[in-house]
Amino acid sequence: MKNKNILLRALLTGMLCITSLTIFTGCIDKQDGDGMVNGRTADGELPENGDAEPVPIKANKAGKPEIKDSSTTEEPEQPEEPETTPKPEKKEETEEQKAEKSLEAFRQSMEGTLQNFGVAFLGEVDESYADRIPEWIEENFPDFSEEYPFVKMIPEERIIGNEIGQLFCVVPRSGDDPVEIIEQRMNFETFEMDEVGQLYSSETGEPYLVMCNGVGGYATAMISMGTEAGYQADWYPMMDMLGRVAIPVTESDEPQAKDFTDYAACGASRFGGWYGDVSMELKEKDLADTSWELQIVMGSTDSYGNYFLEFRKGGKLHISWCEREYGVDEEDYDDTETEAYEGTWSCSQEKGRTYLTMEATRTGGEWYQKGEDPVTWSETFCVYSVYSGSGLLLENETENASMPSNQNDTQLLEAIRTYG
């Protein structure tokens, strides 16, 4: 009986050990190599990676913790970037589109003005390119053609001309303006221009090219353009004495046309061919000991001032003038001077040009009064030799030219040599 009790105790003790071992094997936390137990440090703190809650390690059927293979861990899916719509390629403007746009911009530039049309002088027409003018314009006026591409795009049917001569581009202010170009010739019996025939007619105001003025130094064409206001604007295409397009003006001197000439490229004669060969090679020695005569219209009267300039040696200057009336012979006048001035003259060179400066004080003449306050005059001109030296042009580059007591209605004075 005693042995039986001993055997029973041993059996119960063994079962108790097995049960305890099973319980402790399933409950003991596993500590990893970093001292982490179930995602926490040994002292129970969360790791520094900032995870909100550690993931507990699960035990398998054998009571051992399951360890996932990190090499098989899948990366989280990245969100797909939205597809962007490709930008359409910018199409380059065609030559026709550029021409149309530039023509529209040019016409808009005349809005709000009294300008009824635009005009550009394109030089002298030569027989060698008379049959290929658009190509010639593009070759010889590259900057102009870039700025105003509509000019080189003018078709053959709008290139009008009755002769080899000067070439003008004319742009009516509106595409709705009717245009008529009349050929005219000088009648040497009446010394008036006679209409010969019609060169061109259109009910739409498209840009056109005109060749004219080949002979005689006068306009051989008359351009008549209708306007939005309902009246006709007549113009004779030609150059003025200063080598600029002769633009029509209102009674108050407001321009009635827009000049878009590229004067640096067109090779226009500085004075439009009015004075023959023009030389800028004048030196001071060329003027010393010479005298010259010139005239200035006296306002809106029928009178003019007849001036005599004496460029004496040593830089001494004498100026005298007499008032005259048109239509009265010089023989009917005595030698009385209206005014006389004494002063100095000198020449200077700048950028290949010769400048003449005159300064003088009134010393005599009918208008002079002894003891009067000094009446002075001075002016600087750019000077040119014309007519093979027998003529002199005096140009004021900033305003209308003047002589003592009178101002001309242009910037240019023409003098004829009388001595020296």
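Whatever comes next refers back to the structure up there.
This section reports on the structure supplied with the text. All residue numbers here refer to positions counted from 1 along the written sequence of the relevant chain. For a predicted model such as this one, the threshold for reporting local features is a pLDDT of at least 70, and the threshold for listing and counting side-chain atom pairs is 80 or more; totals across whole chains, interfaces and linings nevertheless cover every residue. Each side-chain value is derived from all of the structure's non-hydrogen atoms; neither hydrogens nor water enter the calculation.

Quick notes on the pairing of strand E7 (residues 192-202)
Two strands qualify as a pair provided that DSSP identifies no fewer than 2 bridges between them. Numbering of helices and strands runs from the N terminus, with a helix taken as a DSSP run of H or I at least four residues long and a strand as a DSSP run of E at least two residues long. Across 9 bridges, the pairing between strand E6 (residues 179-187) and E7 is antiparallel. From the neighbouring strand, Asn187 faces E7, where its bridge partner is Glu192. If you look at the hairpin formed by E6 and E7, you'll find 4 residues sitting between the two strands, and Phe191 has a positive phi there, around 55°.

Quick word on the layout of surface pockets
A pocket here means an open set of points on a 1 Å grid, computed over the protein atoms alone, that has protein on both sides within 12 Å along at least five of seven lines. A cavity is instead a set of points where a 1.4 Å probe fits but cannot get out; residues with an atom within 4 Å of a point line either one. Grid points are joined across faces, edges and corners, and a volume is the space filled by probe spheres set on the points. By volume, the largest pocket amounts to about 850 Å³. Asp240, Leu242, Asp409, Thr410 and Gln411 are the residues nearest the centre of the largest pocket, which is lined by 25 residues in total. Put simply, the parts of the chain that give the lining of the largest pocket at least two residues each are strand E12 (290-297) and strand E21 (412-419). Residue classes in the lining of the largest pocket are distributed as 14 nonpolar, 5 polar and 6 charged. Amino acids are sorted into nonpolar (Ala, Val, Leu, Ile, Met, Phe, Trp, Tyr, Cys and Pro), charged (Asp, Glu, Lys and Arg) and polar (every other residue, Gly among them).

Concerning the environment of Asp234
Among the structural elements, Asp234 can be located in strand E10 (residues 232-235). Exposure remark for Asp234: the relative accessible area of 44% places this residue in the partly exposed category. Along the sequence, Asp234 and Ser224 sit 10 residues apart, while their C-alpha atoms lie 4.4 Å from each other. A polar side-chain atom of Asp234 sits 2.9 Å from a polar atom in the side chain of Ser224. A 1.4 Å probe rolled over the protein chains alone gives each residue an accessible area, and that area as a share of the maximum for its type sets the label: buried under 20%, exposed over 50%, partly exposed in between. Any pair of nitrogen or oxygen atoms within 3.5 Å is treated as a polar contact; in protein, a donor-acceptor pairing is required on top of that, and neighbouring residues in sequence qualify only through side-chain atoms on both sides.

A word on the side chain of Gln115
Inspection of the secondary structure puts Gln115 in the loop between helix H2 (95-108) and strand E3 (117-124). In this description, contact between two residues means that some pair of their heavy atoms is separated by no more than 4.5 Å. Other than its neighbours up to four places away in sequence, Gln115 contacts Ser109, Met110, Arg173, Pro255, Gln256, Ala257 and Lys258.

Keep in mind these values describe shape, not function.
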